[in-house]
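Structural overview
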Amino acid sequence: MAQDEPADGVDVAEQPPAIRVYGAKVHNLKDIDVTVPLRRLVAVAGVSGSGKTSLAMGVLYAEGSRRYLEALSTYTRRRMAQAPRAAVDTVEHVPAALALRQRPGVPGVRSTFGTSTELLNVLRLLFSRLGSHLCPNGHRQDSTIDVAAGLTLTCPVCDVTFYPPGAESLAFNSDGACPRCGGTGVVREIDEAALVPDPARTIAEGAVAPWGTFGLTVMPQVVAEFGVRTDVPYTELTAQERQIVMHGPAEKRQISVRSRNGKLFELNFTYRNARRAVQETLDKATTERGLNRVNRFISTQVCPVCRGTRLSEQARSSLVDGVGLAEATAKTLDELIAWAPTIEDTLPREMRRMARNIVSTLLETARRLVDLGLGYLSLDRASSTLSTGERQRVQLARAVRNQTTGVLYVLDEPSIGLHPSNVDGLLGVMRDLLRDGNSVVIVDHDVQVLREADWLIEIGPGSGADGGRCSPPVTSPTSARTRTPSSAGSSPGVSPSSYAPAPVATRCSTGDVSTCPPAPCTRCGPWMSTSPRPPDRRDRGVRIG
Ligand SMILES: Nc1ncnc2c1ncn2[C@@H]1O[C@H](COP(=O)(O)OP(=O)(O)OP(=O)(O)O)[C@@H](O)[C@H]1O
Ligand SMILES: [Mg+2]
Ligand SMILES: [Zn+2]
Ligand SMILES: [Zn+2]
């Protein structure tokens, strides 16, 4: 039993062995009972439309995340959308759940493949400690062990003493940010063409779009006070007139305004040129809708100062092997791990050990991602541009590295779009999650994935109304006794008669399922003929296989 003890030394015997679902009716599920062993790799298989996602996401994840939210403080909860209760009688022993299918909330503008994988942290350390830096007067220094040791440097040319940049100074979400774009790599500029979308109109007819959009209805009259003609098509205005429309000063002008009852008033208004009208609204916009109204006048462009690298000139100037941080992050992961081991040879002998250490940390993290088939991504890719599958795998790799424990991971078809050679990487990640004391439920069609499962739940037999049952039978005598009254008797649940024409499930008579001979499943094809790993021994469920 020693191998069943998690690292923290808590006896597993005190933890429930399985999640028990009673009377699940989400979508097409036929009021079924399901046992899901904890701390195991549980696969959910079945034909398309049979109800796999309904069980995995609709029941297990839905309940796991709902309970997790309920456990949070009222304050935090109020700020999150309330998860509705799933259509199920009871779910027992469900741990906090994370689902890796859904698109995790829109990643921030400063999130990149490099930051989200934490590879960039390692790279920054590498550049900070092993790089050749510039003195404040721009003289290049050789990489030295003094830098690596965090000592000050004295420039041999200008004799200035300075601190070489720390990892923070190389971070675009910190001190190393490009001052122009604030580390986002893009600049939002007012698009003059959009300000006057139809130049054939006169100003009086609404040629200057933002004035109309933002309720500055008196501006045509105000701009006329500056000598701009408002009754000729915009195209016919002189350069000077257009200059006033776009850039004119925020000065007061008196105009006459007719009130609702027809009276004329002389009023002062401050002129807001077309650009300013947009800028002011942009600065004030707090809601999504507000922003959308401004967005039509704004175009997003690659930052001309950092050329999209997000880094300040200073942060870009440190070199390792003649390569800057911006260039290094533009490399794909595959290119990066080919380059990293060669760095050592470019450094003085006394720095090589440190190089080796940092590089091995880098490679360790990178390897996992490459195994998951992400080697073609560059570190500087904005997270918002990753596909769902890519982001799911980044999340997976991070989950493993963070060493969560006691969490239920629900994965809906993570192998989709994955090259067969990367399925091994995926399985490796899942094994690591289990090793750390987590539970994994995975919906998949991939034979290689299913073969690895400790426990298999097949949903079927058909699609839609013809599906939603669960086989092999997983209601053990124990769970049948503990069924809640509401569902007891009302449903055959997953008893053999309801959906299990073939003798797929052999209950282990010895009580030690690991010694049972493998029993090939007659319906599920060859992938079941291999011996599955035994479910938790204290779980007296039925063995699959
Ligand atoms: N939100 C929903 N509302 C109503 N019915 C739904 C909803 N989502 C799914 N269904 C139906 O429930 C049944 C099971 O769907 P589910 O998504 O669980 O299937 P699946 O086994 O995951 O299929 P696939 O392998 O194609 O992903 C299907 O008939 C589907 O049309
Ligand atoms: Mg599905
Ligand atoms: Zn100098
Ligand atoms: Zn920039």
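Before any of the text, the structure's been laid out above.
All of these numbers come straight from a predicted model, not from anything done at the bench.

**A look at unusual backbone geometry**
Between Gly460 and the following residue, Pro461, the backbone shows a cis peptide bond with an omega angle of 0°. Position of Pro461 relative to the elements: it lies in the loop between strand E16 (455-460) and strand E17 (469-471). In this structure, Arg307 is a non-glycine residue whose phi angle is positive, near 55°. Of note, Arg307 is situated in the loop between strand E11 (298-302) and helix H12 (313-317). Its 13 C-beta neighbours within 10 Å are what place Arg307 among the partly exposed residues. Even without glycine at this site, Asp321 takes up a positive phi of about 55°.

**Things to note about the sheet that holds strand E2 (residues 32-37)**
Strands sit in the order E2-E1-E4 across an open sheet of 3 strands; the sheet is antiparallel. Of all strands in the sheet, those with a lone pairing partner are E2 and strand E4 (88-92), marking the two edges. In this sheet, adjacent strand axes meet at a mean angle of 10° when their direction is disregarded. Note: strand E1 (residues 18-24) against E2, 5 bridges, orientation antiparallel. Counted as the bridge partner of Ala18 is Pro37 from E2.

**Brief notes about helix H17 (residues 420-435)**
Taking 1.5 Å of rise per residue, 16 residues should cover 22 Å, and H17 covers 23 Å from first to last C-alpha, within 8% of that figure. When we look at burial in H17, the residues that qualify are Val423, Gly425, Leu426, Leu427, Val429, Met430 and Leu433. On its buried side, H17 packs onto strand E3 (41-45), helix H15 (352-371), helix H16 (388-402), strand E14 (408-412), strand E15 (439-443) and helix H18 (447-452). At the exit of H17 stands Gly437, carrying a positive phi of roughly 90°.

**Remarks on the pairing of E3**
Burial analysis of E3 places 5 of its 5 residues in the buried class, which makes it a mostly covered element. Along E3, one buried face is formed by Leu41, Ala43 and Ala45 and the opposite face, lined by Val42 and Val44, is buried too. Relative to E15, E3 runs parallel, the two being bridged by 4 bridges. Within the sheet, the bridge partner assigned to Val42 lies in E15 and is Val441. Strand direction decides the pairing type here: E3 and E16, joined by 4 bridges, are parallel. When the bridges of E16 are listed, Ala45 appears paired with Glu458.

**Observations regarding the environment of Leu41**
Assignment of secondary structure puts Leu41 in strand E3. A tally of 23 C-beta atoms within 10 Å means that Leu41 is categorised as buried. For the pair Leu41 and Val449, spaced 408 residues apart in sequence, the C-alpha to C-alpha distance is 9.8 Å.

How each quantity is defined
- Residues numbered from 1 in each chain as written.
- Chains lettered and ligands numbered in written order.
- Predicted model: local features only at pLDDT ≥ 70, side-chain atom pairs only at ≥ 80, totals over all residues.
- Helix = DSSP H or I, 4+ residues; strand = E, 2+ residues; numbered from the N terminus.
- Buried ≥ 20, exposed ≤ 12 C-beta atoms within 10 Å, placed from the backbone.
- Pairing = 2+ DSSP bridges.
- Axes fitted to C-alpha atoms, helices over the stretch in contact; angles between N-to-C directions.
- Expected span 1.5 Å × (residues − 1).
- Contact = placed C-beta atoms within 7 Å.

In short, shape yes, function no, at least from these values alone.
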